[in-house]
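Structural features, examined
This is what each chain is made of:
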Amino acid sequence: MKRIITSIGFLMLMIALTQNANAQIEKGKTIIGATSNLGFNSNSVGGISSSTFLINTSTGKLFTEKLAGGVDFGFASVSYSGNSSTAINVGGFGRFYMNNFFPEISLGIINSSNGGSSSTNFYYGFGIGYAIPLNDYISIDPRINYTSIKYETSSSKGFGINVGFSLYF
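Residues numbered from 1 in each chain as written. Predicted model: local features only at pLDDT ≥ 70, side-chain atom pairs only at ≥ 80, totals over all residues. Heavy atoms only, no water.

1. Let's talk about unusual backbone geometry
Even without being a glycine, Asn-99 presents a positive backbone phi close to 50°. Assignment of secondary structure puts Asn-99 in the loop between β5 (83-96) and β6 (101-114). Backbone geometry places Asn-100, a non-glycine residue, at a positive phi of 75°. Note on placement: Asn-100 falls in the loop between β5 and β6. (Helix = DSSP H or I, 4+ residues; strand = E, 2+ residues; numbered from the N terminus.)

This is how it looks when you write it as structure tokens:
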């Protein structure tokens, strides 16, 4: 996993060094995006296996040439040891663009349901990504991120690699 993260980071650096900022990132533009883990992640720890699928959508605005913010909405499905749970999150995000690189922060609430029980919890995350422009209106956005969810009696933390796309209007 560490090798994959290092490789993606190196690729993002090389792209940044060979391209200039794109016309997409202009004050006043609206951003509409979607991110996914591109399928199912499967893990096995201590004999317990799990699978996860997630998709996240966002919409925001570029307040300046470099600063953007907006709202996120997401869905996740997790199955483990014959059980399954779903989660819906609503939150906000902030980005600071630097030649198409962007550090990003997010925070919000997540409602999880497992069988007959449900709970509402707080999450936050941060990461770094790169907007690879396809034209003046569309970019592909690979990113490496860290997310933490605080439950009533425990917490969940982890790193991930996601790829998304953004539309700029």
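Next, the rest of the story.
2. Remarks on the environment of Gly-82
For Gly-82, the location among the structural elements is in the loop between β4 (67-80) and β5. Of the residues examined, Gly-82 reaches a relative accessible area of 81% and is grouped as exposed. Residues Gly-82 and Ser-50, 32 residues apart in the sequence, show an inter-C-alpha distance of 9.2 Å. (Buried < 20%, exposed > 50% of the residue type's maximum accessible area, 1.4 Å probe, protein only.)

3. A word on the pattern of salt bridges
In total, this model carries 3 salt bridges according to the counting rule given. Put simply, Arg-95 and Glu-104 hold a salt bridge, and the shortest N to O gap is 2.7 Å. By the burial criterion, Arg-95 is buried, and Glu-104 matches it. In this structure, the salt-bridge partner of Glu-104 is Arg-143, at a minimum N-O distance of 3.1 Å. With Glu-104 in strand β6 and Arg-143 in strand β9 (residues 138-150), this pair connects stretches of sequence that are 39 residues apart. Across the pair, exposure class does not vary: Glu-104 and Arg-143 are buried alike. If you follow the salt bridges from partner to partner, you end up with Arg-95, Glu-104 and Arg-143 in one network. (Salt bridge = Lys/Arg side-chain N within 4 Å of Asp/Glu carboxyl O.)

4. Quick word on the packing of aromatic side chains
To describe a pair of aromatic rings, one takes the distance between the centres and the angle between the planes. For the coordinates displayed, the defined rule picks out 5 aromatic pairs. Measuring from centroid to centroid gives 5.0 Å for Phe-101 and Tyr-130, while their planes differ by 65°, and the two rings are edge-to-face. Within this pair, whereas Phe-101 is found in strand β6, its partner Tyr-130 is found in strand β7 (residues 117-130), the two being separated by 29 residues in sequence. Taken together through their ring pairs, the aromatic side chains of Phe-126, Tyr-146 and Phe-159 make up a single cluster. Directly above the aromatic system of Phe-102 lies the positively charged group of Arg-95, at a separation of 4.3 Å from the ring centroid. (Phe/Tyr/Trp six-rings, centres within 6.5 Å; stacked < 30°, edge-to-face > 60°. Lys NZ or Arg CZ within 6 Å of the ring centre and 35° of its normal.)

5. Quick look at the pairing of β7
Inspection of the sheet shows β6 paired to β7 by 14 bridges, in the antiparallel sense. Each residue of the ladder has a partner; that of Leu-107, found in β7, is Tyr-124. In textbook terms, the turn of a hairpin is the stretch between consecutive antiparallel strands, and for β6 and β7 this stretch comprises 2 residues, one of which, Gly-115, has a positive phi near 65°. Inspection of the sheet shows β7 paired to β9 by 8 bridges, in the antiparallel sense. Bridging across to β9, Gly-125 finds its partner in Thr-147. (Pairing = 2+ DSSP bridges.)

6. Examining the environment of Phe-96
Structurally, Phe-96 is set in strand β5. Residue Phe-96 is classed as partly exposed on the basis of its relative accessible area, which comes to 39%. Between the alpha carbons of Phe-96 and Leu-62 there is a distance of 9.5 Å; along the sequence they are 34 residues apart. Residues within four places of Phe-96 in sequence aside, it is in contact with Lys-66, Leu-67, Phe-101, Phe-102 and Pro-103. (Contact = heavy atoms within 4.5 Å.)

7. Structural notes on the nonpolar core
The biggest cluster of nonpolar side chains holds 8 residues, and these are Ile-25, Ile-31, Leu-62, Ala-68, Tyr-97, Phe-102, Ala-131 and Tyr-168. Phe-102 has contacts with Arg-95, Phe-96, Tyr-97, Gly-127, Ile-128, Gly-129, Tyr-130, Ala-131, Asp-141 and Arg-143, leaving out every residue within four places of it along the chain. (Core = buried A, V, L, I, M, F, W, Y, C linked by side-chain atoms within 4.5 Å.)

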